[in-house]
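Observations on the model geometry
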Protein chains: 2
Amino acid sequence: MSNKLVYLFSEGNGSMRNLLGGKGANLAEMTNLGLPVPQGFTITTEACNAYFDGGEKISDELKEQVFEYVTKLEEMTGKKFGNLENPLLVSVRSGARASMPGMMDTILNLGINDEVAEALAKLTGNERFAYDSYRRFVQMYSDVVMGVSKSEFEKHIDKVKEEKGVKLDSELDVDDLKRLVSEFKTIYKEALNKDFPSEPREQLLNAIEAVFRSWMNDRAIYYRRMNDIPSAWGTAVNVQEMVFGNMGDESGTGVAFTRNPATGENKIYGEYLLNAQGEDVVAGVRTPKHIEELEKDMPEVYEQFVAICKKLEDRFHNMQDLEYTIERRKLYILQTRNGKRTAQAALKIAVDLYEEGMISKDEALMQVEPKQLSSLLHPTFDVDELKAAAPIAKGLPASPGAATGQIVFNQETASAWSKDGKKVILVRLETSAEDIEGMHVSEGILTARGGMTSHAAVVARGMGTTCVAGCGEIVFHGEEEFVLGGKTYREGDWISLDGDTGNVYDGQIKTVPAQISGNFAKFMTWADERRRMGVMINGDTAADAKQGIEFGAGGIGLVRTEHMFFEKKRIRAIREMILAKTTEERKVALEKVKPLHRENFEEIFKVTKELPVTIRYLDPPLHEFLPKTLETQQEIADDLGVDVQVIQDKVSTLHEQNPMMGHRGCRLDISYPEIAVMQTEAIIEAAINVKKECGYDVHVELMVPLVNIKKEFEFIYNIMKETAEKVIAEKGVEVSYKIGTCMETPRSCLVAGEIAEKSTFFSFGTNDLTQLSFGFSRDDAGKFLQYYYDRQILEFDPFQRMDTEGVGELVEIGIQRGRSVRPDLKVGICGEHSADPTTIVFLDKVGFNYVSCSPFLVPIARLACAQATIINDAEK
Amino acid sequence: MSNKLVYLFSEGNGSMRNLLGGKGANLAEMTNLGLPVPQGFTITTEACNAYFDGGEKISDELKEQVFEYVTKLEEMTGKKFGNLENPLLVSVRSGARASMPGMMDTILNLGINDEVAEALAKLTGNERFAYDSYRRFVQMYSDVVMGVSKSEFEKHIDKVKEEKGVKLDSELDVDDLKRLVSEFKTIYKEALNKDFPSEPREQLLNAIEAVFRSWMNDRAIYYRRMNDIPSAWGTAVNVQEMVFGNMGDESGTGVAFTRNPATGENKIYGEYLLNAQGEDVVAGVRTPKHIEELEKDMPEVYEQFVAICKKLEDRFHNMQDLEYTIERRKLYILQTRNGKRTAQAALKIAVDLYEEGMISKDEALMQVEPKQLSSLLHPTFDVDELKAAAPIAKGLPASPGAATGQIVFNQETASAWSKDGKKVILVRLETSAEDIEGMHVSEGILTARGGMTSHAAVVARGMGTTCVAGCGEIVFHGEEEFVLGGKTYREGDWISLDGDTGNVYDGQIKTVPAQISGNFAKFMTWADERRRMGVMINGDTAADAKQGIEFGAGGIGLVRTEHMFFEKKRIRAIREMILAKTTEERKVALEKVKPLHRENFEEIFKVTKELPVTIRYLDPPLHEFLPKTLETQQEIADDLGVDVQVIQDKVSTLHEQNPMMGHRGCRLDISYPEIAVMQTEAIIEAAINVKKECGYDVHVELMVPLVNIKKEFEFIYNIMKETAEKVIAEKGVEVSYKIGTCMETPRSCLVAGEIAEKSTFFSFGTNDLTQLSFGFSRDDAGKFLQYYYDRQILEFDPFQRMDTEGVGELVEIGIQRGRSVRPDLKVGICGEHSADPTTIVFLDKVGFNYVSCSPFLVPIARLACAQATIINDAEK
């Protein structure tokens, strides 16, 4: 069976995006609309996949079809490859299903050779145009197709310009260009030991192969990973008749957006350059003109262009990004696609298009990229100051926003300086739970180690604080000095962090607060009407709760009670508890913690009122509460009135090889049930007090972490229930509470049916579940996952986007077995995945009731949940 | 519906063990055989479970049925509770499905009170007997049923004896005994604030409840965990008419085995005591007589006894352990059960019974406890010297055998001293891979930290070296001194370890080498004929291979190649490889490793010849190869000619929070494919060399560790295959090799179908799979699992016996999905579970092809595999 691997633009249509790529499908659609599109054909994404499956060789089948379509194109255009009367030149461009601007390769003017150049010069009466085109082709082909370094050619151009004493390429004359063509061919021959190919069909096949290959170049792989594009999609290749913007001053080329991509304003926004080819616009050699000037330059062309913009928006129901060329006053549209835009513009365009009656609310909701919204919620750098700054290093963009401040290395200085009104940036090898206070008062956090889900990253996102993590170039000298970009930084030096890009800058850069336009609120209401899943927050303080509720959260899905224990007064009592030698001593210490703990909950409940609050019981291994340095150990020993050896012995006893899989989670309650008793008393008493004081009917959900075994859960369930009932009976005030499980281990998913006998809700802790399913420590995986991406073994970070195949199957098993026992089981997620849009589509599909994420991610999750509903409903 | 909760002995039979317990079923069976059994009834195990399910209360239903059966028993015996003409006394004894000797409680002489005692005295004409029985009952009831401490009573007896100036209980006269009864009742009243109960029915119900409760006492829980007995089985309670061995010198009581339990000799072996009750035999107050003396004392009784022994063996097809009482020259059998025996005896009895035609080979195979065989394979302490020694501490019995030697604290001293011919015991806080050489030369290993699957334990079992691990009582002072049992130990001090019990002894105790009797070989042949699964070894040296093959292994199921890297010459090159800054430097260092590595394999292949050898590629994180102490780091820096800072920086770079889930396993090959290339070359070249030199057609199976993702396996598969083919082509010699996967992560099991597309075998690494399924770090879990056992959340150590519910389901999923793609997929296990008999039954059932364990466990696994086949065939 022979496959159809090539389509004329006129054979396709806009719905064939998977096969023809975005560019190819849109070219076909524009052809069907009768727009002035230079004709051509598209080689399908399937041909690309076949190319890679077949050991990176162009098959005979493909070759045959390509040549067949070349002939068709020759017939359609009346031009011919290599024909000196009317030579056919083409562009060869990539075009994947999803737009990947600039990631892959393009070759223009293909088909040219010595004879054709000469003929072109005669035919157009424009010798300079002909040799400019030729020079460009030789350069582009050598670079893109054959991998001869661009800089070789640039050097020659510079030499020629120097010899002539001119500055611009456009000042080179025909002889210069001819000389360059000849010299370029020599470079080619020296580099590759063969002549530059003059046969257009040979040029074409090689160019097609080069575009295929560019699908697997490093930047394309990186872009795909960042944008969740599977490598299995492949790219199509578009072969299109060249039209020339470089035929003189009645020719030109440009790009335009049908609406303003920065603000969303409904007004064409674009630029063009006369006597130029596409690459010149991008290269910024000359300053382009604003599209509105075209109205003066060539009014009839401008008018036609405006009409086309309208037609395209009507057809695609979205703001378009166009490439066009004017060849001797005739307008050609080279491609159209949905335009990239700022979050602010995206919201305005979506709302406007709906209000213009062009799209439905569902379509509007689908037009905004959820992750974009984060830029509306954090401060950003002043654009002008940023332009002047060059990054000194790049780390992971762990928590968005822009931050500038003076370097501090520890939380004491951070606290002291911030009290003095200084802006500080906390710089650490890595952070731990002890650093929380310091992180709280910092503008931003910079770490040398750790990935996107390291402690610093997770906590910073939770706080909405800018963070650049895992900046491996930092070399610490001791604890109070580091070298970066060749400069030594000490306490008090200024540094700036861009949490959206991971860039680190020397010195101070002005930041500007976020501006939220009125469309934002309107749009989010639409999202809320549409979404099926609830959106909760992970938060541990009244401030978190307030922020989350402002951002539209429906309650708290995860209170990490350990975060309440790090505050000074509390941690002293917690340390006494850890050092206790007997159950009785432990109870005495816990009695000191209880009133403070209760106070934390009272503060939260006063904000959350009657919204549900899911409280996870003490989770981390106890050694996290003890200090690591001798100095701090001595301080604590003095404070508690014990010998420092006592502290050190305890640290040593609690030391674990793999603390992630150690004495933590509900294992603490199994060992020391008095902890669960204390926490339950504090929570229920707080709920009762708030009910009495404010009249709110507080809804608490008590969550047991790291459950594995039915009996393990039941043991703690019984303690919680007995304690809660005792408090309720004593106080004589009813409190609404549920008891449930955090599902974090593979085993918990397998025995979910047994656990659900008593557990009324499951909250999937997919961070730990991912760690355990893969055996990837998220603190350490950063070191080797890069190799996985480089080798395309993984196409995404499984800590950021859920691995639906492995981890997802465990989650599905857990839900299915849980609901088979308890049909009304409430199911949520509290891991880092819970604001990832791709993951959210999966969660909605398998029946989650809610997601729970950092307060600053709530708007993203709300929109992603709405989109998930739309996507999954469409699949039904 | 009313349940039958009570059975007369005559209503049951030997097959009703689950319902009536072992003792009850056997009493029924003996009754049916017409043997002289005092009559009575059994309260079922279901009644016990109902007792616990119902909140630890005797139900009205049970009470009614018990009283009904008391009436029946009264009718059968003609005696009555509380009747002064012919009073009924009974014993109340536990009896679980599996024998748990001494773990639960017994009450004798129940039914006695002031009036009955007086009547008994008159009826028997033996006043002393009557009050002796009464005294015993009050004491036993107070202790067992009501929890009044035994020592209170003992103190009173001692006081009375002292006042009289006598030493033995038997020297007390009737008045003394009466006085004691009265004083005991006072103690009872003072302790419990109520009178001692005189009503036999009240006594009976309380006694039954006490036996039920004893099912959950600490020592019963511990015994069940050690012997894999589920708590859900419950215990039955046997109420049996008392017969009296304490009615004078024509009465007596004793225990006997139908064959010798130490040697297996076919000759009755037992003891008896005249004028005594059962407890006296156990308490060792007087020295009992040997059973053969009974022939002289009471020849007709002896003759009857011998006939009964024969009858019981004929019926139960096994050596029996009997309790009997002679009341005034009349013989009663109180219970019979299969007798506990030494491994040596077990083998002889099984072989003899088969050869006597009494049992089939299958039955013979089922009669020997596989774990018992280990005592035949290791040295043991000299029995007499051991009797004189008292343990100073108890750790975990991590690796069996007996060892005595001088304390050393590091591997340098261990090696030096052992070269001087000294016997050394390596004592460490915990061991790590660096200690391997030191462990190799030691007689035994003692660690303060770590569980049954800690590094020390696993490696020691692999080596067959005695090890006591996790001896928490050890307090280290610095690295060269520790305190244990109040004594300070330093280098050179003598210490002895019992790896079968975990006991640690001060000083030197003589050891004796193991003696393997001729029945052993015969018996193992039967096992081999019957078993379905292959038995391979985990071993890394030619010596391991030799030992394993001697013990009957069919090849090597797991070569841990990293173990080859710790030897001096090799580790230097490995360290160079780790410190390499570029791929080229790494390749240079690997080239140095290769010939040494190849040599290791050549040595192994010369021993394994044509048996399959499964080789796991480098698995541990690289930091394990770098030293931790500054001193050693300096040494290595000097050796490699680099600054010590370079080593320290590398150690710091390689540091991981959770190394178990870090940069290890196939992740190393993904990062540094040159490692896989080197290992493949070394293996294939070695196979070719051995084929050329010795003519063996070596069979290697190359195993990729810690696989998670299809593409990950394929990446390494391609490297292995290309490298192997290249070597084979270069050398022109064919080698038979397979490429497969170590399945160690939950995700690997879920995607097993994809992995099996290329993988021809799976070896389940159930240690890691257990760690990851539960999120239990096996290095750390010891700290909290004790709480799980105490609270009966776990009834066994999931690192020793596979959790078939969770981990087992993942394994089953893995096999099923793997075989759905590749029906002939070979499936094995290389984790610590692979010699656990309970696990082996599961493995056989779900279709494993082989197990792979330490050489010293091979005979155990062979027998367990045979038993698994028998058990699973019977279920079909």
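Presented here is an overview of the structure given in this document. (Residues numbered from 1 in each chain as written. Chains lettered and ligands numbered in written order. Predicted model: local features only at pLDDT ≥ 70, side-chain atom pairs only at ≥ 80, totals over all residues. Heavy atoms only, no water.)

In the structure shown here, the tally under the stated rule is 131 salt bridges over all chains. One salt bridge connects Asp803(A) with Arg747(B), and the closest N-O pair in it is separated by 2.7 Å. Here Arg747(B) lies in helix α28 (residues 746-750) and Asp803(A) lies in the loop between α31 (782-790) and α32 (807-821), a pairing that spans two chains. In this structure Asp803(A) comes out as buried when scored by relative accessible area, which is 4%. A salt bridge links Glu674(B) to Arg586(B), with the shortest nitrogen-to-oxygen separation between them at 2.7 Å. With a gap of 88 residues between them, Glu674(B) in helix α26 (residues 673-694) and Arg586(B) in helix α22 (residues 583-608) connect regions that are remote in the sequence. Here Glu674(B) falls in the buried class, since its relative accessible area comes to 9%. (Salt bridge = Lys/Arg side-chain N within 4 Å of Asp/Glu carboxyl O. Helix = DSSP H or I, 4+ residues; strand = E, 2+ residues; numbered from the N terminus. Buried < 20%, exposed > 50% of the residue type's maximum accessible area, 1.4 Å probe, protein only.)

On to the relation of the copies chain A and chain B, then. It takes a turn of 180° to lay chain A on chain B, together with a shift of 0.1 Å along the axis; the resulting RMSD is 0.2 Å. This pairing of chains is accounted for by a two-fold axis. Taking C-alpha positions as reference, the residue of chain A nearest the rotation axis is Asn658(A), located at 2.2 Å. (Least-squares fit on C-alpha atoms with pLDDT ≥ 70 in both.)

How big an interface is tends to be reported as the loss of accessible area on association of its parts. Each partner contributes to the interface: chain A provides 56 residues, whereas chain B provides 56 residues. Here chain A meets chain B over a buried area of about 5000 Å², counting both sides, of which 53% is carbon and sulfur. Summed over the three residues of chain A that lose the most area to chain B, namely Met661(A), Arg747(A) and Ile793(A), the buried surface amounts to 13% of that side. Inspection of the region where chain A meets chain B yields 8 salt bridges. Linking Glu805(B) and Arg747(A) is a salt bridge whose minimum nitrogen-to-oxygen distance equals 3.3 Å. Put simply, chain A and chain B have 40 residue pairs in polar contact (both at pLDDT 80 or more) between them. Among the secondary structure elements, those contributing two or more residues to the side of chain A that touches chain B are α24 (644-654), α25 (666-671), α27 (710-731), α28 (746-750), α30 (766-774), α31 and α32 of chain A. Split into classes, the residues belonging to the side of chain A that touches chain B amount to 22 nonpolar, 17 polar and 17 charged. (Contact = heavy atoms within 4.5 Å. Buried area = accessible area lost by both parts, 1.4 Å probe. Polar contact = N/O pair within 3.5 Å; in protein donor to acceptor, adjacent residues only side chain to side chain. Nonpolar A, V, L, I, M, F, W, Y, C, P; charged D, E, K, R; others polar.)

Our focus in this paragraph is unusual backbone geometry. All names here are of chain B. The phi dihedral of His317 falls on the positive side, at around 55°, and the residue is not glycine. For His317, the location among the structural elements is in the loop between α12 (299-316) and β9 (320-327). At Arg328, a residue that is not glycine, the phi angle is positive and equals roughly 50°. Structurally, Arg328 can be placed in the loop between β9 and β10 (330-338).

Time to look at a negative patch on the surface. All names here are of chain A. A surface patch of like charges, here negative, comprises Glu412, Glu631, Glu635 and Asp638. Looking at the negative patch element by element, the count peaks at 3 residues for helix α23 (residues 630-640). In this fold, Glu631 is placed in helix α23. (Patch = residues over 30% accessible without salt bridge, like charges linked within 9 Å, V, L, I, M, F, W, Y side chains within 5 Å. Areas by Shrake-Rupley, 256 points an atom, 1.4 Å probe, with all protein chains shown as cover. Lys, Arg positive; Asp, Glu negative; His and termini not counted. Charge placed at Lys NZ, Arg CZ, Asp CG, Glu CD.)

A separate point is the packing of helix α5 (residues 127-145) of chain B against helix α8 (residues 200-214) of chain B. All names here are of chain B. Remark: α5 packs on α8, axes separated minimally by 9 Å, with the N-to-C direction vectors making an angle of 45°. On the basis of their axis angle, the class for α5 and α8 is oblique. By crossing handedness, the relation of α5 to α8 is classed as left-handed. For the pair formed by α5 and α8, the contact residues are Phe137, Tyr141, Val144 and Val145 on the first element and Glu202, Gln203, Asn206, Ala207, Ala210 and Arg213 on the second. Classifying every residue of the contact of α5 with α8 gives 6 nonpolar, 2 polar and 2 charged. (Axes fitted to C-alpha atoms, helices over the stretch in contact; angles between N-to-C directions. Parallel < 35°, antiparallel > 145°, perpendicular 65-115°, else oblique. Left-handed = near helix turned anticlockwise from the far one by under 90°.)

This part takes up the packing of α5(B) against helix α6 (residues 150-164) of chain B. Residue and element names in this part refer to chain B. Viewed as axis vectors pointing N to C, α5 and α6 meet at an angle of 150°, and their least axial separation amounts to 9 Å. Here α5 is positioned roughly antiparallel relative to α6, judged by the angle of their axes. The segment α5 lies against α6, with Arg135, Gln139, Ser142 and Asp143 engaging Lys150, Phe153, Glu154 and Ile157. When its residues are assigned to classes, the contact of α5 with α6 shows 2 nonpolar, 2 polar and 4 charged.

Turning next to the sheet that holds strand β18 (residues 475-476) of chain B. All names here are of chain B. An order of β18-β19-β20 is seen for the 3 strands of this open sheet, with the pairing classed as antiparallel. What marks the edges here is a single partner per strand, and that holds for β18 and β20 (487-490). Direction of pairing for strand β19 (residues 481-484) relative to β20: antiparallel, over a ladder of 4 bridges. Counted as the bridge partner of Leu484 is Lys487 from β20. (Pairing = 2+ DSSP bridges.)

All names here are of chain A. By the secondary structure assignment, Tyr324 is in strand β9 (residues 320-327). Owing to a relative accessible area of 0%, Tyr324 belongs among the buried residues under this scheme. In contact with Tyr324, other than residues within four places in its own chain, are Thr253, Gly254, Val255, Ala256, Glu271, Tyr272, Ile291, Phe305, Leu331, Tyr332, Ile333 and Leu334. Only 2.9 Å separates the side chain of Tyr324 from the backbone oxygen of Glu271, close enough to count as a polar contact.

Between its first and last C-alpha, helix α27 (residues 710-731) of chain B extends 31 Å over 22 residues, near the 32 Å set by a 1.5 Å rise per residue. What α27(B) keeps buried is the set Glu712(B), Phe713(B), Glu714(B), Ile716(B), Tyr717(B), Ile719(B), Met720(B), Thr723(B), Ala724(B), Val727(B) and Ile728(B). Residues of α27(B) that are buried make contact with α31 of chain A together with α25 (666-671), α26, β27 (699-704), β28 (736-743) and α29 (752-755) of chain B. Residue Gly732(B) follows α27(B) closely and has a positive phi angle near 70°. (Expected span 1.5 Å × (residues − 1).)

Take the layout of surface pockets next. Put simply, the second largest pocket is a space of about 1000 Å³. Elements represented by at least two residues in the lining of the second largest pocket include exactly α27 of chain A together with α2 (45-53) and α33 (837-845) of chain B. No other element matches the 4 residues that α33(B) contributes to the lining of the second largest pocket. Here the residues of the lining of the second largest pocket sort into 15 nonpolar, 6 polar and 13 charged. (1 Å grid on protein atoms, 1.4 Å probe; cavity = no way out; pocket = protein on both sides within 12 Å on 5 of 7 lines; lining within 4 Å. Points joined across faces, edges and corners; volume = space filled by probe spheres on them.)

Residues and elements named next belong to chain B. Residues Phe761 and Ser763 line one face of strand β29 (residues 761-764) and the alternating positions Phe762 and Phe764 line the opposite face, and both faces are buried. One ladder, built from 3 bridges, connects β28 with β29; its direction is parallel. Directly across from Cys742, in β29, lies its bridge partner Ser763. Pairing analysis gives 4 bridges linking β29 to strand β30 (residues 826-829), with the strands arranged parallel. If you follow Phe762 over to β30, its bridge partner there is Val827.

With that settled, consider the packing of aromatic side chains. Taken as a whole, this structure holds 58 aromatic pairs over all chains when the rule is applied. When the centroid spacing of 5.9 Å and the interplanar angle of 50° are considered together, the rings of Phe713(B) and Tyr717(B) count as tilted. Taken together, the residues span about one helical turn, with Phe713(B) and Tyr717(B) both in helix α27 at a distance of 4 residues. In this pair, the class of Phe713(B) matches that of Tyr717(B), namely buried. A connected cluster of aromatic rings, assembled from ring pairs, spans Phe137(A), Tyr141(A), Tyr188(A) and Phe196(A). (Phe/Tyr/Trp six-rings, centres within 6.5 Å; stacked < 30°, edge-to-face > 60°.)

Let's shift gears to the pairing of strand β3 (residues 90-96) of chain A. Residue and element names in this part refer to chain A. The element β3 is largely enclosed, with a buried count of 7 among its 7 residues. Burial along β3 is two-sided: Val90, Val92, Ser94 and Ala96 and Ser91, Arg93 and Gly95, pointing in opposite directions, are all buried. Pairing geometry for β3 and strand β4 (residues 106-110), over 3 bridges, is antiparallel. Looking across to β4, one finds that Val92 is bridged to Ile107. Taken together, the 7 bridges between β3 and strand β5 (residues 235-241) define a ladder with antiparallel strand orientation. Bridging across to β5, Ser94 finds its partner in Val237.

Residue and element names in this part refer to chain A. Tracing the backbone shows Arg135 in helix α5 (residues 127-145). Within the structure, the side chain of Arg135 is placed 3.2 Å from the side chain of Asp132, a separation counted as a polar contact. The residues touching Arg135, leaving out its near neighbours within four places in the chain, are Ile157, Asp169, Leu177, Leu180, Val181 and Phe184.

A separate point is helix α21 (residues 568-579) of chain A. Residues and elements named next belong to chain A. With 12 residues, α21 extends 17 Å between its outermost C-alpha atoms, agreeing within 8% with the 16 Å of an ideal straight helix rising 1.5 Å per residue. Within the sequence span of α21, burial applies to Arg570, Ile571, Ala573, Ile574, Arg575, Met577, Ile578 and Leu579. Looking at the packing, one finds that the buried side of α21 touches α22 (583-608), α23, α24 and α26 (673-694).

Okay, the nonpolar core next. By size, the foremost hydrophobic cluster in this structure holds 267 residues, and its most contacted members are Phe605(A) and Phe605(B). The residues touching Phe605(B), leaving out its near neighbours within four places in the chain, are Val613(B), Ile615(B), Ile683(B), Ala686(B), Ala687(B), Val690(B), Tyr696(B), Val698(B) and Val700(B). Residues Leu73(B), Phe81(B), Val138(B) and Phe196(B) belong to the second largest nonpolar core, which totals 72 residues. (Core = buried A, V, L, I, M, F, W, Y, C linked by side-chain atoms within 4.5 Å.)

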